[in-house]
Amino acid sequence: KRAPIVTVMESPVCLIENIDGTLRVVQEATEYLMRINQPVVVVAVVGLYRTGKSYLMNKLAGKRKGFALGATVQSKTKGIWMWCVPHPVKEGHTLVLLDTEGLGDVEKGDQKNDAWIFSLAILLSSTLVYNSRGTIDNQAVENLQYVTELTERIKVKAPSASSAEDDDAEDAQFVQFFPSFVWAVRDFTLLLEIDGRQVNEDQYLEHALTLKKVDYNLPRECIRNYFPTRKCFIFETPAPPEKMAHLESMTESELSPSFQAVAFDFCNYIFKESSVKKVKGGLPVTGRSESTVFK
Ligand SMILES: Nc1nc2c(ncn2[C@@H]2O[C@H](COP(=O)(O)OP(=O)(O)O)[C@@H](O)[C@H]2O)c(=O)[nH]1
Ligand SMILES: [Mg+2]
């Protein structure tokens, strides 16, 4: 018997519920995935709360509304939300967008819970977008601290008595099925310069990830080891401050031209370069097989 034809998902659904610090898979969402027999490109966004993550994911869906924005200070997205749309470029593929709850929410103040959401986003996605505001400074890198704990949460093989050599081997195994990495910097206000020399976005990212002589280097090292494919996009603010509260109702042409241009490049990069999710051994994943992650 043939599987039913997948209908368009009008709006996002909750995939992982987060209630009082307990994560639970939402069955209706996995049932939906079960019905997708197409290969899936899975793009997840992570980062601090209220940095414009949901807004950016709606851009990838090609919709003005979808993932709920936190227009008030209370952040809206709890857990992980999912939106499956026909892939705009790759025919016969489904684009699965995963929007995660913001990390570092003071009201929640539960770092362990944050780390699990971060780990799940990595395991589920073929491209991970790390979203941050301002500049890529020490703080921004250190806010990605969860990356240093990944080896504690994600195990490629059964645990054994480990040595330093084993650890290196494990790192290499990790990389095989880790997503490619995109850093989206929002509301950037500086010039793209290093020591007075003009640089491009990717050079800016690589410079920020260069090991410093004295600093705490672990997050930089982990990002470089686990995510060999890295790309950076630098956005200016999309609108003047007085208009920002109505961002959701603004049309594309009302946004600042520079924001429009970067958003266009960002979406194009994701559509063209983001690959089908693969499992260990390089097998492509369909919605149906993605759903078995939760079994
Ligand atoms: N300053 C600024 N605000 C933005 C940007 N993108 C979205 N916003 C606004 O910031 C608020 C939070 O956005 P949201 O996407 O919900 O952030 P999230 O919590 O990271 O998902 C909303 O009012 C958005 O309209 C941006 O690039 N810059
Ligand atoms: Mg959000």
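Look above for the structure.
The following paragraphs examine the structure supplied in this document. (Residues numbered from 1 in each chain as written. Chains lettered and ligands numbered in written order. Predicted model: local features only at pLDDT ≥ 70, side-chain atom pairs only at ≥ 80, totals over all residues. Heavy atoms only, no water.)

Attention now moves to the pairing of strand S7 (residues 180-186). In terms of burial, S7 is largely enclosed, as seven of its seven residues are buried. Note that strand S6 (residues 127-133) and S7 share seven bridges and pair parallel. Residue pairing across strands places Val129 opposite Val182, the latter belonging to S7. Bridge analysis of S7 against strand S10 (residues 230-234) gives five bridges, and the strand direction is parallel. (Buried < 20%, exposed > 50% of the residue type's maximum accessible area, 1.4 Å probe, protein only. Helix = DSSP H or I, 4+ residues; strand = E, 2+ residues; numbered from the N terminus. Pairing = 2+ DSSP bridges.)

Inspection of the secondary structure puts Asp114 in helix H3 (residues 111-124). In terms of polar contacts, Asp114 uses its side chain to reach the side chain of Tyr146, at 3.2 Å. Ignoring sequence-local partners within four residues, the contact set of Asp114 consists of Gly102, Leu103, Gly104, Lys108 and Tyr146. (Polar contact = N/O pair within 3.5 Å; in protein donor to acceptor, adjacent residues only side chain to side chain. Contact = heavy atoms within 4.5 Å.)

Another point: the site of ligand 1. Lining the immediate environment of ligand 1, one finds 17 residues, of which Arg50, Lys53, Ser54, Gly70 and Asp187 sit closest. Thr51 is positioned with one of its backbone polar atoms (N or O) 2.9 Å from an oxygen atom of ligand 1. Within the side chain of Lys53, a nitrogen or oxygen atom sits 2.8 Å from an oxygen atom of ligand 1. Within the complex, the protein chains bury 93% of what would otherwise be the 580 Å² of accessible surface of ligand 1. For the shell around ligand 1, the leading source of residues is helix H2 (residues 53-61), giving three residues. When grouped by side-chain class, the residues that make up the shell around ligand 1 number eight nonpolar, four polar and five charged. (Near = heavy atom within 4 Å. Areas by Shrake-Rupley, 256 points an atom, 1.4 Å probe, with all protein chains shown as cover. Nonpolar A, V, L, I, M, F, W, Y, C, P; charged D, E, K, R; others polar.)

Taken together, the eight strands give an open sheet; going across it, the order is S2-S1-S4-S5-S3-S6-S7-S10, and neighbouring strands pair in mixed fashion. Only two strands of the sheet have a single neighbouring strand rather than two, namely strand S2 (22-25) and S10. The mean angle between the axes of side-by-side strands here comes to 20°, regardless of whether they run parallel or antiparallel. Bridge count between strand S1 (residues 13-19) and strand S4 (residues 80-86): three bridges; the pairing is antiparallel. (Axes fitted to C-alpha atoms, helices over the stretch in contact; angles between N-to-C directions.)

With 17 residues, helix H9 (residues 257-273) extends 24 Å from end C-alpha to end C-alpha; this agrees with the ideal 24 Å at 1.5 Å per step. Listing the buried residues of H9 in full gives Phe259, Val262, Ala263, Phe266, Cys267, Tyr269, Ile270 and Phe271. In this fold, the buried residues of H9 make contact with strand S3 (40-47), H2, strand S5 (94-100), S6, S7 and S10. (Expected span 1.5 Å × (residues − 1).)

Turning our attention to the side chain of Ser291. Its location among the elements puts Ser291 in helix H10 (residues 287-291). On the basis of relative accessibility, which here comes to 2%, the residue Ser291 falls in the buried class. Engagement of the side chain of Ser291 in a polar contact is seen with the backbone oxygen of Arg288, the distance being 2.5 Å. Aside from chain neighbours lying at most four places away, what touches Ser291 is Thr30, Leu33 and Met34.

This paragraph deals with the pairing of S4. Among the seven residues of S4, five are classified as buried, and the element is accordingly described as predominantly covered. Here seven bridges tie S4 to S5, and the two strands are oriented antiparallel to one another. If you follow Val85 over to S5, its bridge partner there is Leu95.

To continue, consider the packing of aromatic side chains. A full pass over the atoms with the stated rule returns 13 aromatic pairs. Ring geometry for Tyr130 versus Trp183: centroids 4.8 Å apart, planes at 80°, classification edge-to-face. Of the two residues, Tyr130 sits in strand S6 while Trp183 sits in strand S7, which places them 53 residues apart along the sequence. By the burial criterion, Tyr130 is buried, and Trp183 matches it. Note on Phe178 and Tyr226: the rings are 5.7 Å apart at their centroids and 65° apart in plane angle, and the pair reads as edge-to-face. Within this pair, whereas Phe178 is found in the loop between helix H6 (164-176) and S7, its partner Tyr226 is found in helix H8 (residues 218-226), the two being separated by 48 residues in sequence. For the pair shown, Phe178 and Tyr226 are each scored as buried. For the cation-ring pair, Arg186 lies above Phe235, with the distance from its terminal atom to the ring centre recorded as 5.3 Å. (Phe/Tyr/Trp six-rings, centres within 6.5 Å; stacked < 30°, edge-to-face > 60°. Lys NZ or Arg CZ within 6 Å of the ring centre and 35° of its normal.)

Counting 87 residues, the largest nonpolar core has Trp183 and Phe266 as its most contacted members. Broken down by element, this core gets its largest block of residues, eight residues, from H9. With near-sequence residues (within four places) excluded, Trp183 lies in contact with Tyr130, Ser132, Ile136, Ala140, Val141, Leu144, Leu205, Lys231, Cys232 and Phe233. (Core = buried A, V, L, I, M, F, W, Y, C linked by side-chain atoms within 4.5 Å.)

The backbone phi angle of Arg50 is positive, close to 55°, even though this residue is not glycine. Looking at the element boundaries, Arg50 is found in the loop between S3 and H2. Relative accessible area serves as the criterion here: at 36%, Arg50 is assigned to the partly exposed category. Despite not being glycine, Asp187 has its phi angle at roughly 55°, a positive value.

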